[in-house]
Amino acid sequence: MPEEIIFTSGGTESNNFAIKSTAFSNREKNHIITSKVEHDCVLNSCRWLESQGFKVTYVGVDEFGAVNPLDVKKAITKKTCLVTIMHANNEVGTINNISEIGKICKENGVYFHSDACQSYTKVPIDIKEMNINLLTINSHKIHGPKGVGALFIKKGTKIKAWQSGGSHEFNLRAGTENVSGIIGFAKAVQISNKKNVEYLTKLRDYTIKKIQENINDIKLNGAIGSDRLCNNVNFSFKGIEGEGILLMLSEKRIMVSTGSACSSTSLEASHVLLAMGLKHEIAHGSIRFSFSKYNTIKEIDYLIKVLKPIIAKLRAMSPLYSSDKK
Ligand SMILES: Cc1ncc(COP(=O)(O)O)c(C=O)c1O
């Protein structure tokens, strides 16, 4: 129903609103469950709630970056008001079993929020079947304008407006709406289609295969096959720093990231890779390649052509890599 969707300024705002406001609107309970691999806007919202007296359980993930629904089940107490677990991870592309998590939440009378910024239009989402109470999506991940997002709030969910002001968005999000941005977002949704997903899956699998064929001492991070987002590839390159690879690729006009794009100013190892059990030095040597429908096989061939000598050059300079070989 239209009144179940409110428009926001993006994924960050939707996540902040969903988590903080649900927590405060259900204050008689004070426990929230999330995972260790969420986006910073979720983790920092939860940390802030801890500073306000709430208790938060951060469940771990397996070696592929997936949350085990049974860990969520075990963490639920009589005091739990909200579970917030992302649909797909932004760094390693792993898709969580949110149907199972939603089922567990429903059985235990706990609200379920999922951050679907990465999966929206790429992985099917069935709000009813997945028992989702709150769902975050944003526009720029699907080629829509930046600075627009939305939050689905299931009718009957106990949640109050977070910011003070007028009665916009069914009294839930005060402030004049970004109408042109919202129209752009809607258009991006309309023109997204299954063919893009099939194309991106081919591009992803081709890239993984080519990197594995051409470069030694690497590790593919994240899930494989249908448990992985169609547009994500993440590799660790033994013995070297991801930052070095990133800089040298950028000189060749290839833009990649180490960890989350939003953490690109931080040189800390990725919290996602560390939660998956990677050692610091391996996590530091990781690169995330994200694709869009506008990328081509020819561009992937160019990537492989330039990546191979870059890795060799960095490894030749790296005391870490040569000491590995002795
Ligand atoms: C999984 C995830 N959640 C939230 C966000 C934040 O969204 P926004 O940049 O629209 O605030 C991002 C990045 O865009 C993301 O990848």
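Worth saying up front: this structure is predicted, and the values here are computed from it rather than measured. The residue count restarts for each chain, going from 1 along the sequence in the order it is written. A pLDDT threshold of at least 70 governs which residues receive local features in this predicted model, and a stricter bar of 80 or more applies before side-chain atom pairs are shown or counted, although totals over entire chains, interfaces and linings include all residues.

**Some points on the overall build of the protein chain**
Then, in step 1: The secondary structure content of the protein chain amounts to twelve helices and ten strands.
Then, in step 2: Throughout, radius of gyration means the C-alpha value; the globule benchmark is 2.2 Å times the number of residues raised to the power 0.38. Computed over C-alpha atoms, the radius of gyration of the protein chain comes to 20 Å, within 12% of the 20 Å expected from 2.2 N^0.38 for 326 residues, which places it in the range of a compact globule.
Then, in step 3: Here the protein chain holds 326 residues, and the buried ones make up 42% of them.
Then, in step 4: It is the C-beta atoms, placed from the backbone, that decide contacts: two residues are in contact if theirs lie within 7 Å. Once local pairs closer than 6 in sequence are excluded, the contacts in the protein chain between residues at least 24 apart make up 72%. Helix and strand assignments come from DSSP, with helices taken as H or I runs of at least 4 residues and strands as E runs of at least 2, each series counted from the N terminus. Any residue whose C-beta has 12 or fewer other C-beta atoms within 10 Å is treated as exposed, any with 20 or more as buried, and any in between as partly exposed, C-beta atoms being built from the backbone.

**As for the domain arrangement of the protein chain**
Then, in step 1: In this document the domain limits rely on a domain assignment from an automatic tool or a database. Domain annotation of the protein chain identifies domain 1 (2-191) and domain 2 (194-325).
Then, in step 2: Taking the mean C-alpha position of each, domain 1 and domain 2 sit 28 Å from one another.
Then, in step 3: Counting residues at the interface gives 22 residues for domain 1, matched by 23 residues for domain 2.
Then, in step 4: Of the residues belonging to the side of domain 1 that touches domain 2, the class tally is seven nonpolar, ten polar and five charged. Any residue that is not Ala, Val, Leu, Ile, Met, Phe, Trp, Tyr, Cys, Pro, Asp, Glu, Lys or Arg is counted as polar, Gly included; the first ten are nonpolar and the last four charged.

**Points about the sheet that holds strand 6 (residues 134-138)**
Then, in step 1: Here we have seven strands laid out as an open sheet, ordered 1-7-6-5-4-2-3, and mixed in their pairing. Only two strands of the sheet have a single partner each, and these edge strands are strand 1 (5-8) and strand 3 (55-59). Across the sheet, the mean angle from the axis of one strand to that of its neighbour is 20°, orientation sign disregarded.
Then, in step 2: A pair of strands is treated as paired once DSSP finds two or more bridges between them. Alignment of strand 2 (residues 31-35) against strand 3, held across five bridges, turns out to be parallel. Residue pairing in the sheet places T34 in a bridge with Y58 of strand 3.
Then, in step 3: Where helix 2 (residues 40-51) meets the sheet, it contacts strand 2, strand 3, strand 4 (80-84) and strand 5 (111-115), and its direction lies at approximately 155° from that of strand 2.
Then, in step 4: For helices, the fitted axis covers only the stretch in contact; all axes are lines through C-alpha atoms, and the angles between them, taken along N-to-C directions, range from 0 to 180 degrees. Along the sheet, helix 4 (residues 98-107) contacts strand 4 and strand 5; its crossing angle with strand 5, the most-contacted strand, is approximately 160°.

**Considerations on the site of the ligand**
Then, in step 1: Nearness here is judged by the C-beta atom: place it from the backbone, and if it falls within 6 Å of a molecule or strand, the residue counts as near that partner. Around the ligand lies a shell of 14 residues, among which G10, G11, T12, H39 and N90 are the nearest.
Then, in step 2: Per-element tally for the shell around the ligand: the top contributor is helix 1 (residues 11-25), with three residues.
Then, in step 3: Split by residue class, the shell around the ligand holds four nonpolar, nine polar and one charged.

**Focus on the packing of helix 7 (residues 194-214) against helix 11 (residues 297-317)**
How two helices pack is summed up by the angle between their axes together with the distance between the axes.
Then, in step 1: Contact geometry of helix 7 with helix 11 gives a least axis separation of 10 Å together with a crossing angle of 25°. As far as their axial angle goes, helix 11 and helix 7 are roughly parallel. Where helix 7 crosses over helix 11, the two elements pack in a sense that is right-handed. Each of L203, Y206, T207, K210, I211 and N214 in helix 7 lies in contact with helix 11, whose residues at this interface are I297, I300, I304 and K308.
Then, in step 2: For the contact of helix 7 with helix 11, a count of residues per class yields six nonpolar, two polar and two charged. Angle categories: roughly parallel below 35 degrees, roughly antiparallel above 145, roughly perpendicular from 65 to 115, and oblique for all the rest. Note on convention: near helix rotated counterclockwise from far helix by under a right angle means a left-handed crossing. Clockwise means right-handed.

**Section: the pairing of strand 7 (residues 149-153)**
Then, in step 1: Strand 7 sits mainly inside the fold: five of its five residues count as buried.
Then, in step 2: The pairing of strand 1 with strand 7 spans four bridges and is classified as antiparallel. The residue of strand 7 that forms the bridge with F7 is A150.

**Digging into the packing of helix 8 (residues 242-251) against helix 11**
Then, in step 1: Where helix 8 contacts helix 11, the axes come no closer than 10 Å and their chain directions differ by 135°. On the basis of the axis angle, helix 8 is oblique to helix 11. As for the relative orientation of helix 8 and helix 11, their crossing is right-handed in sense. When helix 8 is examined against helix 11, the residues G244, I245, M248 and L249 are found in contact with a partner set consisting of V306, I310 and L314.
Then, in step 2: Taken together, the residues of the contact of helix 8 with helix 11 sort by class into six nonpolar, one polar and no charged.

**Some details on the nonpolar core**
Then, in step 1: The nonpolar core is taken to be a set of buried Ala, Val, Leu, Ile, Met, Phe, Trp, Tyr and Cys residues joined by way of C-beta atoms within 7 Å. Within the largest apolar cluster, 74 residues are counted, with the highest numbers of intra-cluster contacts made by I32, L82, V83, L134 and L151.
Then, in step 2: Residue contributions to this core peak at five residues, all from helix 11.
Then, in step 3: Both domains that furnish three or more residues to this core are identified here as domain 1 (2-191) and domain 2 (194-325).
Then, in step 4: Excluding anything up to four places from it in sequence, L134 contacts A18, T22, Y111, H113, L151, F152, I153 and T157.

**A few points about helix 7**
Then, in step 1: One fewer than the residue count of a helix, multiplied by 1.5 Å, yields its expected span. When the terminal C-alpha atoms of helix 7 are compared, their 30 Å separation across 21 residues agrees well with the 30 Å that a helix rising 1.5 Å per residue should span.
Then, in step 2: Turning to helix 7, its buried residues number three or more, namely L200, L203, R204, T207 and I211. For helix 7, the buried positions fall inside an angular range of 100° around the axis, keeping them on one side. The outward face of helix 7, more than 90 degrees from its buried face, is lined by the exposed residues K194, K195, E198, K202, K209, Q212 and E213. Directions from the helix axis toward the C-beta atoms define the arc.

**Some points on the environment of I208**
Then, in step 1: Take I208: it is sitting in helix 7.
Then, in step 2: In this view, I208 contacts L220 and V233; residues no more than four positions away in its chain are not counted.

**Topic: the sheet that holds strand 8 (residues 218-220)**
Whenever strands of a sheet pair, they do so through backbone hydrogen bonds, lying parallel or antiparallel.
Then, in step 1: Within the open sheet, the three strands sit side by side as 8-9-10. Their pairing is antiparallel. The outermost strands of the open sheet, each flanked by one partner alone, are strand 8 and strand 10 (286-290). Averaged over all neighbouring strand pairs, the angle between strand axes comes to 25°, with direction disregarded.
Then, in step 2: Of the pairings in the sheet, the one linking strand 9 (residues 232-237) to strand 10 comprises five bridges and is antiparallel in character. Residue pairing for strand 10: N232 is matched across the bridge by S290.
Then, in step 3: Strand contacts of helix 7: strand 8, strand 9 and strand 10, with the helix running at about 15° to strand 9, the strand carrying the most contacts.

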